[in-house]
Amino acid sequence: MTGEPREPERVIVLLRAHARALTGPVIVAVLVSGAAVYGATALDEPWQRIAVAAGGALAIVGLAVVPYIRWLASNVLITTRRIVVRRGLGVRTRQEVLHSRSYDVSLRQSAIQRLLGSGDILLNTGLDRPVVLRDLPRAALVQEALSDLMEHSRSSVAEARRQTGATPLAG
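A few words on the environment of Leu146. Within the secondary structure layout, Leu146 lies in helix 4 (residues 139-164). Judged by its relative accessible area of 0%, Leu146 is buried. Sequence separation of Leu146 and Tyr103 is 43 residues, and the distance between their C-alpha atoms is 9.8 Å. For Leu146, the residues in contact, after removing those within four places along its chain, are Ile78, Ile83, His99, Tyr103, Val105, Ile121, Leu123 and Leu133.

Listed below in structure tokens is the structure:
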């Protein structure tokens, strides 16, 4: 530590997966609610109407509401110092990658992702598996920003080492 105050960490962007992920749950909610209303009005017995309405409500919760909450609960936070990936509802997973660590940023896009401008960003940190930021919107811009942040962070760490006279250990 040089005793000089470090620049405070700032949030650059908070991202979620592309909203395209909610297309299926919305279609399911519309179809199931329409089928449940039709079934509840077409049946004669009250217990059948209640069963159809309850089954429709359970299907909407399981096939539309839970995926929406899962989408809300997963995000990628990019700051000036690190990338924080949070996933999961019941079991919460959090991964952090510091910009000062050298990593390789690559972009992977399917045909649909290319049309919509989204994509998967792979951060190869030299560990067994790369950290994957899945289906982010405006993926090419995010890739450029991550490359710039890593380069800036690496140069500021190198500059701090030069100022303090620290030398890397010889292997």
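Strand order across the open sheet formed by 3 strands is 5-6-7, with antiparallel pairing between neighbours. What marks the edges here is a single partner per strand, and that holds for strand 5 (104-108) and strand 7 (131-136). Each strand axis lies, on average, 20° off the axis of its neighbour in the sheet, ignoring direction. Bridge analysis of strand 6 (residues 119-124) against strand 7 gives 4 bridges, and the strand direction is antiparallel. Bridge pairing in strand 7 places Ile121 opposite Leu133.

Evaluation of the coordinates by the stated rule reveals 1 aromatic pair. With a centroid separation of 6.1 Å and an interplanar angle of 25°, the aromatic rings of Tyr68 and Trp71 are classed as stacked. Remark: Trp71 and Tyr68 occur in helix 2 (residues 46-73); sequence separation between them is 3 residues, near one turn of the helix. Between Arg16 and the ring centre of Trp71, over which it is positioned, the NZ or CZ distance is 5.9 Å.

Glancing now at the layout of surface pockets. Considered as a void within the structure, the second largest pocket measures approximately 270 Å³ in volume. Lining the second largest pocket are 15 residues, with Ala17, Ser74, Asn75, Arg87 and Arg134 positioned closest to its centre. Broken down by secondary-structure element, the contributors of at least two residues to the lining of the second largest pocket are helix 2, strand 2 (75-79), strand 3 (82-87) and strand 7. Grouping the amino acids of the lining of the second largest pocket by side-chain chemistry returns 8 nonpolar, 2 polar and 5 charged.

Topologically, Val65 is positioned in helix 2. Taking the C-alpha atoms as reference points, Val65 and Pro25, separated by 40 residues in sequence, lie 7.5 Å from one another.

Attention now moves to helix 2. An α-helix turns once per 3.6 residues; consequently, residues spaced three or four apart project the same way. Helix length check: helix 2, at 28 residues, gives a terminal C-alpha distance of 38 Å against a target of 40 Å (1.5 Å per residue), a fit within 8%. Its axis deflected by about 35° at Val61, helix 2 carries its strongest bend there. Of the positions making up helix 2, those classed as buried are Gly56, Ala64, Trp71 and Ala73.

What counts, and at which threshold
Residues numbered from 1 in each chain as written. Predicted model: local features only at pLDDT ≥ 70, side-chain atom pairs only at ≥ 80, totals over all residues. Heavy atoms only, no water. Helix = DSSP H or I, 4+ residues; strand = E, 2+ residues; numbered from the N terminus. Buried < 20%, exposed > 50% of the residue type's maximum accessible area, 1.4 Å probe, protein only. Contact = heavy atoms within 4.5 Å. Pairing = 2+ DSSP bridges. Axes fitted to C-alpha atoms, helices over the stretch in contact; angles between N-to-C directions. Phe/Tyr/Trp six-rings, centres within 6.5 Å; stacked < 30°, edge-to-face > 60°. Lys NZ or Arg CZ within 6 Å of the ring centre and 35° of its normal. 1 Å grid on protein atoms, 1.4 Å probe; cavity = no way out; pocket = protein on both sides within 12 Å on 5 of 7 lines; lining within 4 Å. Points joined across faces, edges and corners; volume = space filled by probe spheres on them. Nonpolar A, V, L, I, M, F, W, Y, C, P; charged D, E, K, R; others polar. Expected span 1.5 Å × (residues − 1). Bend = angle between axes of the 7 residues up to and from the residue.

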